[in-house]
Amino acid sequence: MSTGKNTRLAAFGLAAATALFASAALADVDMSGKTVEWTIPFSEKGGSAKWANFFAPLLSQALPGNPTVVVKFMPGAGSTKGANWFQRQKNGDGTVMFGSSGSTQFPYLLGDPRVKYEYNDWEPVMATGTGGVAYLPPKLAAKFDGTANNLKDINFIYGSQGATRLDLVPLLAWKMLGMKVEPVFGIKGRGDGRLMFERGEANIDYQTSSSYLKGVVPLVKAGKAVPMMTWGSLDADGSVVRDPTFPDVPTFKEVCNATFGCKTSGAAWDAWKAFFTAGFPVQKIAFLPQGTSKDIIDTFVKAFAKVKARPDFAKISAKRLGKYPMFIGDDARAALKRAISVPESAKTFVKGWLKKDYGVELK
Amino acid sequence: MDVFTVAMTALSDAFSLIFQFNVLIHLVLGVVMGLAIGIFPGLGGIAGLSLLLPFMFGMDVVSGMALMIGMVAVVPTSDTFTSVLMGIPGSSASQATVLDGFPMSKKGEAARALAAAFSSSLFGGLVGATFLTFFILIARPIVLAFKLPEMLMLAVLGLSMVAILAGRLPLKGVAAAALGLVVGTIGEADAGGSLRMASYDIPYLTDGLKLVIIGLGIFALPEIVALLRTDRAISSTASLGAGWAQGVKDWWENKWLSVRCSLIGVVVGIIPGLGGSVVDWIAYGHTIQTSRDKSGFGKGDVRGVIGPESSNNAKEGGGLVPTLIFGIPGSGSMAIFMGAVALLGSGDLEVGPQMLSPDYLDITYSIVWLLAIANVVGTILCIGLSGQIARLTTIRFTLLAPFLFMLIAFAAFQSGQNLGDLVALFAIGLIGIFLRRFDWSRPAFLIGFVLSNPVETYANQAYQVARSKFRTDFDLGLDYLFGPIVIVLIIITVISIFIGVRNAKIIMSEGEVQSGSKRSPMIFLLAIATYFAVTFYNASLIKDRLITDKIFPMLVAAIGFAACLALFIRMIRRPESDLVFADREVFGEDAGAQHGLWGTLAWFAFLLILTSLAGFILALAVFLVSFMRLRARLNWAMALLYSAVGIAFMCFMARLLHRDFPPGLLQNYFTLPWPFT
């Protein structure tokens, strides 16, 4: 323990010394000439890479002294490797940053034995969310009348990345509606799932908001797909309301309420809502390592606020990321709290369901 | 007509994407590097692209494409230099050029041969690009017709083509492809997460081996070591003679031959897995068959240059079809290209059917344009610089090799930022050296490795979808699995295997290799067979509940083992002179080399071990100076100068790209300033 403390002290001292060296006044953090390494625990392709690459240059412009912000990738074990690495980082001088995603949150929540990281140790500075839309081929959509009552006898096939990933949310939703959805596991990204749908091999699919806007809306216009429901979005009280990006599409909550046998209360609903909250409204979070000083945290929070306040931010972020809500500073902290406070009962329910339906055991 | 308008817009968008200073500079840079790579015998597009890979992370998409396409497109043009001037194929795509190109050069007609070759290459390249333009217009419905069973069958066709056709012994090709497939399964399985030939105690292995490591280890390292062992310049003379105009005229007189061979190149390029090593032979065969006067072939007939050279550039356009549109590489270099594309930009671009979606169509078309421009630029540079290039071939390779070692080690480390990368590189490099030595097809291994994951995934998913369809209705499932395209692909596969097995002896994908003693090839065979057996056993331990994780490695290992067994029986029954005992250490270049294999390899091991102790830059300093002094026998001043230049280059590149150097044991104990960290 004491060595750890010493290293930490030494690291802090070193950081302070560098800061002192770099600028005369300590209160005013100046990061000129430094390099901020923003580590993403996924490969160069995929949503998190896109997300970090979008923010990196903006952050660089907004931080005092315009340090270089580089995005580094540390893929492995479904992001567990990178997150475990970040848990060991102690240099809180603002040169180390980390970006987690829903796929980092879920193994943590489900008690995956490979998880050696603790979200409560880290310092969140910014978080963004997303939504999701499920859609059907026109022929089956004709049987969908705002309820899933007529969909219960159909054999659905769904291209899935894995039951313990974000796909947990749609799979559980369909299960609660009483639909027979058979996941075909092993696709590499949701784009592959959409292609399976387009080729007619899958007959149900979902996409996150930005991918839906980009990839599925053209299909809807061409009459090849029909939106079924969104996962919704959370209002200030934490209740599920219609997704502001898709105000005309009903939420899963509405469909569930209308469908015979589906309840928006009880263990299944609590579990669904808890994992939905962890995976969608607070999907990606930027962290500084544990033990980062208040000055540095405030500097980053201010910088992200500056990014958000850019007059062109709405325009460029809508194009690159979709209309995601963005939380900064204390809001990010509150968002993180919502994302990781999943009741024990919900975890037990999901673990039991994963084992029963898919034979998945986290060991 | 809607498709047409979309395509036209994309085409003009692509135009504006390309004609930017930045992009064109990258293209020219790629072409120049391709020229250099093509000149080294044996170093072709695969090795060149592998070296480029680490620099692709986060690079602007179009610039990165320009760099790679520039290189890929020009290798089949520039490799002509070595084929014509020295009689050694510059890369596997221009072996047939040697047959008539080299005799022409001996007759003092090197310039004429080169001019004819360059004209044909340019023409072939443009035919390939034109074909690609039109194919993309009609491709989308075709792509949507390729469901999982069709994709699986296409991958199997590619594998069987490369396995059967890439060498003299189809069985060896099958074993090499199977080896690539099982090596590709190392690590956590996609479907159920079971570990295969890996352990959580060695975290490096759980993520599987990276393509960069495989590309560098299997292709670049063995060739560099082999070249280094001979310790000489590539060519002894730099004179080309006259006859440039005559060469161009020759091409014009045989323009229809050039057209036919270009089309052959395109078609062969489209068939996945067939790629570079056979296209020139097929074109050469066609050239002879269709010529009335056959007496001059092999003695310096210019038509023997025009045919193969038209086809080998055209194949790049064809080869981009399966690569871009289906994500199934047409050749070894396309396999690397595929991996590199995923690293570009923000990383959301991945080759495959989405390349045809309106979002990416402009990128796809910019590839086509880049291909055409690269061919033109490459030809101009080849002609313009031919004097200098001929002189370049007189540089001692020993002076270049340490820098290539340096780049390889750096590139390998970038793939995983882990010292395990260097260990893996050395291990894979050893396998590569043995595969080369005993004439096992390395392209088959590489394509097996690249296709391992897709084949397993397609098979598992097709099975899951089919199971679900069978549950609904038996006919529905049957229709799904055996659609018309699948049946056609099965027929093509069977026919190609049949023809391939009959004609295999003609094709020498990596030059002629003599057979030698029985012992060494047999030991290698047994080692490979043992690996198959261990893989089989290892996979069989996975729980039955996770059948999708175990069935593929078990099946492939069984096929590989059976191929090895058949080879073993042949080894016992045949005499030492049989093909099966091919061994480069017994006859030819390697056998007569000045330096031993192990001594040369030890230099590379020296660099890696030193790196693990003292970090990359310190290790590099010691390695470069001692290599230049002891192996290249330079004086102190020159040795220090060369080393300083090398290290400065490395630091510059790393700084520019924000890359780390591999740290060693030393860095665990002391905090050193950059670049020694």
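Residues numbered from 1 in each chain as written. Chains lettered and ligands numbered in written order. Predicted model: local features only at pLDDT ≥ 70, side-chain atom pairs only at ≥ 80, totals over all residues. Heavy atoms only, no water.

Student: Give a description of the overall build of chain B that names residues and reports values.
Tutor: Regarding its fold elements, chain B presents 28 helices and 2 strands. Per-residue burial over chain B gives 62% buried out of 677 residues. In chain B, 80% of the contacts between residues at least 6 apart in sequence involve partners at least 24 apart. Just so you have it, chain B exposes about 25200 Å², and 69% of that area is on carbon and sulfur atoms. (Helix = DSSP H or I, 4+ residues; strand = E, 2+ residues; numbered from the N terminus. Buried < 20%, exposed > 50% of the residue type's maximum accessible area, 1.4 Å probe, protein only. Contact = heavy atoms within 4.5 Å. Areas by Shrake-Rupley, 256 points an atom, 1.4 Å probe, with all protein chains shown as cover.)

Student: Give a description of the overall build of chain A that names residues and reports values.
Tutor: Each helix and strand counted, chain A has 14 helices and 13 strands in total. Nonlocal contacts in chain A, meaning residues at least 24 apart in sequence, comprise 76% of its contacts between residues at least 6 apart. Entry remark: accessible area of chain A is about 15000 Å², with carbon and sulfur atoms responsible for 56%.

Student: Any chance you could break down helix α6 (residues 168-176) of chain A for me, citing the residues and the numbers?
Tutor: All names here are of chain A. Within α6, 8 of the 9 residues are buried, leaving the element largely enclosed by the surrounding structure. Within the sequence span of α6, burial applies to L168, V169, P170, L171, L172, A173, W174 and M176. Immediately downstream of α6, the backbone of G178 shows phi near 80 degrees, a positive value.

Student: Summarise a nonpolar patch on the surface; cite the residues concerned and give the values.
Tutor: Residue and element names in this part refer to chain B. A cluster of nonpolar side chains, contributed by F474, L478, F482, I487, I490, I491, V494, I495, F498 and I499, occupies part of the molecular surface with about 940 Å² of accessible area. At the level of secondary structure, the elements contributing two or more residues to the nonpolar patch comprise α21 (474-481) and α22 (484-503). Of the residues forming the nonpolar patch, the biggest block, 7 residues, is contributed by α22. Mapped onto the elements of the fold, I487 is located in helix α22. (Patch = residues over 30% accessible without salt bridge, like charges linked within 9 Å, V, L, I, M, F, W, Y side chains within 5 Å. Salt bridge = Lys/Arg side-chain N within 4 Å of Asp/Glu carboxyl O.)

Student: Break down the side chain of T97 of chain B for me, with residues and values.
Tutor: Here T97 of chain B is to be found in helix α5 (residues 95-106). In this structure, T97 of chain B is in contact with T80, S83, V84, F102, G304, V305, P308 and E309 of chain B, ignoring residues within four places of it in sequence.

Student: Quick one: what's the story with the nonpolar core, residue by residue and with numbers?
Tutor: Among the nonpolar cores identified, the biggest contains 208 residues, and F337, Y365 and W440 of chain B are the most heavily contacted of them. With 16 residues, helix α4 (residues 61-86) of chain B is the largest single contributor of residues to this core. Within the second largest apolar cluster, 69 residues are counted, among which are Y119, W122, Y158 and F275 of chain A. (Core = buried A, V, L, I, M, F, W, Y, C linked by side-chain atoms within 4.5 Å.)

Student: How would you explain the sheet that holds strand β1 (residues 35-40) of chain A if you had to name every residue and give the values?
Tutor: All names here are of chain A. In space, the 6 strands of this open sheet follow the order β2-β1-β3-β12-β4-β13, with mixed pairing throughout. Since the sheet does not close on itself, it has two edges, and those belong to β2 (68-73) and β13 (326-328), each with one partner. Averaged over all pairs of adjacent strands, the angle between their axes in this sheet comes to 25 degrees, without regard to strand direction. Sheet topology places β1 next to β2; 6 bridges connect them, and they run parallel. Counted as the bridge partner of I40 is F73 from β2. (Pairing = 2+ DSSP bridges. Axes fitted to C-alpha atoms, helices over the stretch in contact; angles between N-to-C directions.)

Student: Describe the pattern of salt bridges, with residues and values.
Tutor: Counted under the stated rule, the structure contains 20 salt bridges over all chains. Several salt bridges share partner residues, and in doing so they unite K175, K356 and D357 of chain A into one network.

Student: Which residues make up α5 of chain B, and what values go with them?
Tutor: The periodicity of an α-helix, 3.6 residues per turn, causes residues three or four positions apart to be oriented the same way. All names here are of chain B. With 12 residues, α5 should reach 16 Å at 1.5 Å per residue; the first-to-last C-alpha distance of 17 Å fits that figure. Judged by how many residues are buried, α5 sits mostly within the fold: 9 of 12 residues are covered. Within α5 the residues assigned to the buried category are Q95, A96, T97, V98, D100, G101, P103, M104 and S105. Remark: G108 follows α5 within two positions and exhibits a positive phi of approximately 85 degrees. (Expected span 1.5 Å × (residues − 1).)

Student: If you had to explain the state of the cysteines to someone new, which residues and values would you point to?
Tutor: Residue and element names in this part refer to chain A. Taken as a whole and judged by the stated rule, the model has 1 disulfide over all chains. One disulfide bridge connects C256 with C262, the sulfur atoms lying 1.9 Å from each other. Between C256 and C262, the S-S torsion sits near -95 degrees, and that sign places the bridge as left-handed. Like C262, C256 is buried. (Disulfide = S-S within 2.5 Å.)

Student: Can you lay out the interface of chain A and chain B for me, pointing to particular residues and giving the numbers?
Tutor: Counting residues at the interface gives 32 residues for chain A, matched by 37 residues for chain B. Together chain A and chain B conceal approximately 2900 Å² of surface at their shared face, both sides included; 47% is due to carbon and sulfur atoms. Linking E182 of chain A and R471 of chain B is a salt bridge whose minimum nitrogen-to-oxygen distance equals 3.0 Å. Our enumeration of links across chain A and chain B arrives at 8 residue pairs in polar contact (both at pLDDT 80 or more). Going through the elements one at a time, α2 (47-62), β2, β6 (155-160), β7 (180-185) and α7 (190-198) of chain A are the ones with two or more residues in the side of chain A that touches chain B. Looking at which element gives the most residues to the side of chain A that touches chain B, the answer is β7 of chain A, with 4 residues. Split into classes, the residues belonging to the side of chain A that touches chain B amount to 12 nonpolar, 8 polar and 12 charged. (Buried area = accessible area lost by both parts, 1.4 Å probe. Polar contact = N/O pair within 3.5 Å; in protein donor to acceptor, adjacent residues only side chain to side chain. Nonpolar A, V, L, I, M, F, W, Y, C, P; charged D, E, K, R; others polar.)

Student: Mind laying out unusual backbone geometry, listing which residues take part and the relevant values?
Tutor: All names here are of chain B. We note that M197 has phi near 50 degrees; this positive angle belongs to a residue other than glycine. Within the element layout of this structure, M197 appears in the loop between β2 (195-196) and α9 (203-206). Here D439, not a glycine, exhibits a phi torsion of approximately 60 degrees, which is positive. Position of D439 among the secondary structure elements: in the loop between α19 (419-437) and α20 (442-472).

Student: Tell me about the packing of aromatic side chains, and please be specific about residues and values.
Tutor: All names here are of chain A. Tallied over the entire structure, the rule returns 55 aromatic pairs over all chains. Relative to W231, the ring of Y206 has its centre 5.8 Å away and its plane inclined at 55 degrees; by these criteria the two rings are tilted. Residue Y206 is found in strand β8 (residues 205-208), and its partner W231 is found in the loop between β9 (226-230) and β10 (233-234); the two are separated by 25 residues along the sequence. A relative accessible area of 1% places Y206 in the buried class. Aromatic ring contacts, followed pair by pair, group F86, F98, Y108, Y117, Y119, W122 and F287 into a single cluster. (Phe/Tyr/Trp six-rings, centres within 6.5 Å; stacked < 30°, edge-to-face > 60°.)

Student: I'd like a rundown of the sheet that holds β9 of chain A, residues and numbers included.
Tutor: Pairing between the strands of a sheet comes from backbone hydrogen bonds, and it takes one of two forms, parallel or antiparallel. Residue and element names in this part refer to chain A. Taken in spatial order, the 3 strands make up an open sheet running β8-β5-β9, and their pairing is antiparallel. Edge positions in the open sheet fall to β8 and β9, since each of these has one partner strand only. For this sheet, the mean inter-axis angle between neighbouring strands, taken without regard to orientation, is 35 degrees. With 4 bridges connecting them, strand β5 (residues 132-136) and β8 associate as antiparallel partners. Directly across from A134, in β8, lies its bridge partner Y206. Those strands touched by α7 are β5 and β8, and its axis lies near 145 degrees from that of β8.

Student: Account for the confidence of the model for chain A, naming residues and giving values.
Tutor: Caution applies to low-pLDDT regions: their predicted coordinates should not be interpreted in detail. Residue and element names in this part refer to chain A. Taken as a whole, chain A shows an average pLDDT of 83; of its residues, 87% reach a score of 70 or greater. Within chain A, no element has a lower average pLDDT than helix α1 (residues 2-22), which sits at 44, and none a higher one than β9, at 96. The model gives residues 1-27 a pLDDT under 50, and that stretch makes 10 contacts with residues more than four places away or in other chains. (pLDDT = per-residue confidence, 0-100.)

Student: Run through the confidence of the model for chain B, naming residues and quoting values.
Tutor: Chain-level pLDDT for chain B is 82 on average; 90% of the residues reach the 70-or-more range. Mean pLDDT per element in chain B: helix α1 (residues 2-18) of chain B is the minimum at 74, and helix α23 (residues 519-540) of chain B is the maximum at 94.

Student: Explain the packing of helix α25 (residues 597-614) of chain B against helix α26 (residues 616-631) of chain B to me, and be specific about the residues and the numbers.
Tutor: Think of two packed helices as two axes; the pair is described by the angle between the axes and how far apart they sit. Residue and element names in this part refer to chain B. For the pair α25 and α26, interaxial distance at closest approach is 7 Å and the crossing angle is 155 degrees. Between α25 and α26, the crossing angle belongs to the class labelled roughly antiparallel. With respect to the hand of their crossing, α25 and α26 are arranged in right-handed fashion. Together, T600, W603, F606, L607, L610, T611 and A614 of α25 and F616, L618, A619, L620, V622, F623, S626, F627, L630 and R631 of α26 make up the contact between the two elements. A breakdown of the residues in the contact of α25 with α26 according to their chemical character gives 13 nonpolar, 3 polar and 1 charged. (Parallel < 35°, antiparallel > 145°, perpendicular 65-115°, else oblique. Left-handed = near helix turned anticlockwise from the far one by under 90°.)

Student: Please give an account of the packing of helix α12 (residues 255-270) of chain B against helix α14 (residues 303-326) of chain B that cites residues and values.
Tutor: All names here are of chain B. Between α12 and α14, the shortest axis-to-axis distance is 6 Å and the interhelical angle comes to 35 degrees. For the crossing formed where α12 meets α14, the hand is right-handed. On α14, the residues that touch L257, S258, C261, S262, G265, V266, G269 and I270 of α12 are R303, I306, G307, S310, S311, A314, K315, G318, G319, V321 and P322. Of the residues belonging to the contact of α12 with α14, the class tally is 8 nonpolar, 9 polar and 2 charged.

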